[in-house]
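Listed below, chain by chain, are the residues.
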Amino acid sequence: MSSHRIFIVDDEPLLRQLLERHVTASWGHTARTFPDAESCLAALDESPDLILMDIGLPGIGGVEALRQVRKADPELPVIMLSAQESVEVAVSTWKLGAHDYLTKPPDISRLEASVRAALHVRSLSREVIRLRESVAASGNFANIVTHDGRMQDVLAHVQRASDSDIAVLIQGESGTGKELIARALHFNGRRKEGPFVVVNCASIPRELLESEIFGHEKGAFTGAIGRKIGKFELAHTGTIFLDEIGEMDMALQAKLLRVIQQREFDRVGGAATVRVDVRIVSATNRELRRAVREKQFREDLYYRISSFPIHLPALRERRSTSSSSPSIS
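Peer 1: So what exactly am I meant to see when it comes to the packing of aromatic side chains here?
Peer 2: Note on aromatic pairs: each is described by the distance of the centres and the angle between the planes. What the rule picks out here adds up to eight aromatic pairs. Geometrically, the ring pair formed by Tyr302 and Tyr303 is edge-to-face, given 5.2 Å between the ring centres and 70° between the ring planes. Relative accessible area serves as the criterion here: at 6%, Tyr302 is assigned to the buried category. In this structure Tyr303 comes out as partly exposed when scored by relative accessible area, which is 48%. Ring-pair connections join several aromatic residues into one group, and the members of that group are Phe187, Phe196 and Phe241.

Set out below in structure tokens:
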């Protein structure tokens, strides 16, 4: 187990010493002890990985301290300790977000297991935050570098559309940065705290694409051994990016049109209607106007997804530049 910083909050000096010895000498972590909640709360800017908190503290009680810790850092795990076993108090602390509730003096083996689990959760939450920040940075306008005048015009155009829910259609050859632009639209807009879900309509077999987008119920077809949540549900409150939408067959286009118009759909094999709130950004390397004329793409769907069209010039037409940041030349 790697070393972590653990706060120990208890008004009993002997128990503080006992817990500190186990935390440092036995489990290999660093510890800081506090006799009351006030001093612990004042030290939260030291970024502890875990707090062991007595409930019966003088001054601010453990339950109120837990509430304040959760407000300051919702991801910080807190293990509550109490001299009295009370189901009501245990339930109240769990409702406030406590990781665990143990009676004093705690069983050391159980406490160690709880500490291990809490620190694992803390590490996972930090990794999720890091990945989320990394993904968000990839869609930041400041990280998209270009010296080409046409691309600078495109980025200015994109920035105007980012803070709205208008349907955007990004058109351009393969490799021109369509997904990068879609990410910029999402992570610079009002839905940036929601999910960004990508569907590549060209890479998924047509017979599976409907299930991938809308999900399916158990038994909907051979091999459907359980319910599958589709991409539209996963993108609820965020953005769904339909890459290479020009490859979608006409039957599925009709079902997509219903989602855009009514914000609802049915899972494959399902009877219940699912409602969603998503922004739709689409992309294609095809000339969709020609596909509409040739009856290969629905005209009504085309106008629904292209309220705000963006055309990306081919790479060979741009002024090149070199940069370590995400670049679209």
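Here the narrative resumes.
Peer 1: For this particular structure, what's the right way to read the layout of surface pockets?
Peer 2: Empty space among the atoms becomes apparent when a probe as large as a water molecule is rolled across them. Volume-wise, the second largest pocket comes out at about 180 Å³. Residue lining of the second largest pocket: 13 residues in total, with Gln171, Gly172, Glu173, His311 and Leu312 positioned closest to the centre. Among the residues making up the lining of the second largest pocket, the classes are represented as three nonpolar, five polar and five charged.

Peer 1: Please explain the nonpolar core as it appears in this structure.
Peer 2: Most often, soluble globular proteins have nonpolar side chains that are buried together. Judged by nonpolar contacts, the single largest core of 31 residues is most densely connected at Phe232, Ile245 and Phe297. Looking at this core, the elements with two or more residues in it are strand S7 (196-200), helix H8 (206-214), strand S10 (239-243), helix H10 (250-262), helix H11 (288-293) and helix H12 (299-305). In terms of residue count, the dominant contributor to this core is H10 (five residues). Residues contacting Phe232, with those up to four places away along its chain left out, are Ile213, Phe214, Ile240, Leu256, Val259, Phe265, Val276, Val278 and Ile280. Judged by nonpolar contacts, the second largest core, of 21 residues, contains Cys40, Leu41, Leu44 and Ala90.

Peer 1: Which parts of the structure should I look at to understand empty space enclosed by the protein?
Peer 2: Applying the stated criterion across every chain, the model contains one cavity of 30 Å³ or more. In this model, the largest cavity occupies a volume close to 30 Å³. Taken together, Ser162, Ser164, Asp165, Leu185, His186, Gly189, Arg190, Arg191, Thr239 and Arg279 make up the lining of the largest cavity.

Peer 1: I tried to follow the pattern of salt bridges on my own but got confused; where do I start?
Peer 2: Opposite charge on two side chains lets them pair, provided their charged atoms get close. According to the stated counting rule, one finds 22 salt bridges in the structure shown. One salt bridge connects Lys104 with Glu12, and the closest N-O pair in it is separated by 3.1 Å. Of this pair, Lys104 sits in the loop between strand S5 (100-103) and helix H5 (108-138) while Glu12 sits in the loop between strand S1 (5-9) and helix H1 (13-26), and the two are 92 residues apart along the sequence. For Lys104, a relative accessible area of 12% corresponds to the buried category.

Peer 1: Any chance you could explain the sheet that holds S1 here in plain terms?
Peer 2: The strands making up a sheet associate through backbone hydrogen bonding, with each pair oriented either parallel or antiparallel. The strand order across the open sheet built from five strands is S2-S1-S3-S4-S5, with neighbouring strands paired in parallel fashion. Pairing within the sheet leaves two strands with one partner each, and these edge strands are strand S2 (30-34) and S5. Across the sheet, the mean angle separating the axes of adjacent strands is 20° when strand polarity is ignored. Here four bridges tie strand S3 (residues 50-54) to strand S4 (residues 78-82), and the two strands are oriented parallel to one another. Looking at the pairing, Met53 lines up with Met80 of S4. Strands in contact with H1 are S1, S2, S3 and S4; relative to S2, the strand with the most contacts, it is inclined by about 165°. Running at roughly 150° to S5, helix H4 (residues 87-95) makes contact with S4 and S5 of the sheet.

Peer 1: For this particular structure, what's the right way to read the packing of H8 against H10?
Peer 2: For any two helices packed against each other, one specifies the inter-axial angle together with the distance between the axes. Running from amino to carboxyl end, H8 crosses H10 at an angle of 15°, the nearest separation of the two axes being 11 Å. It follows that H8 is roughly parallel to H10 by the angle criterion. In this structure, H8 crosses over H10, and the sense of that crossing is left-handed. Between H8, through Leu209, Glu210, Ile213 and Phe214, and H10, the contact on the second element is made entirely by Leu252, Lys255, Leu256 and Val259. Along the lines of polarity and charge, the residues of the contact of H8 with H10 split into six nonpolar, no polar and two charged.

Peer 1: Hey, could you run me through the confidence of the model for the protein chain in this one?
Peer 2: The predicted coordinates should not be examined in detail at positions where pLDDT is low. Residues of the protein chain with pLDDT of at least 70 account for 89%, and the chain-wide mean is 86. The weakest mean pLDDT in the protein chain belongs to helix H6 (residues 149-162) at 74; the strongest belongs to S1 at 97. In the model, residues 321-326 has pLDDT below 50 throughout and makes 12 contacts with residues more than four positions away in sequence or in other chains.

Definitions and cut-offs
- Residues numbered from 1 in each chain as written.
- Predicted model: local features only at pLDDT ≥ 70, side-chain atom pairs only at ≥ 80, totals over all residues.
- Heavy atoms only, no water.
- Phe/Tyr/Trp six-rings, centres within 6.5 Å; stacked < 30°, edge-to-face > 60°.
- Buried < 20%, exposed > 50% of the residue type's maximum accessible area, 1.4 Å probe, protein only.
- 1 Å grid on protein atoms, 1.4 Å probe; cavity = no way out; pocket = protein on both sides within 12 Å on 5 of 7 lines; lining within 4 Å.
- Points joined across faces, edges and corners; volume = space filled by probe spheres on them.
- Nonpolar A, V, L, I, M, F, W, Y, C, P; charged D, E, K, R; others polar.
- Core = buried A, V, L, I, M, F, W, Y, C linked by side-chain atoms within 4.5 Å.
- Helix = DSSP H or I, 4+ residues; strand = E, 2+ residues; numbered from the N terminus.
- Contact = heavy atoms within 4.5 Å.
- Salt bridge = Lys/Arg side-chain N within 4 Å of Asp/Glu carboxyl O.
- Pairing = 2+ DSSP bridges.
- Axes fitted to C-alpha atoms, helices over the stretch in contact; angles between N-to-C directions.
- Parallel < 35°, antiparallel > 145°, perpendicular 65-115°, else oblique.
- Left-handed = near helix turned anticlockwise from the far one by under 90°.
- pLDDT = per-residue confidence, 0-100.

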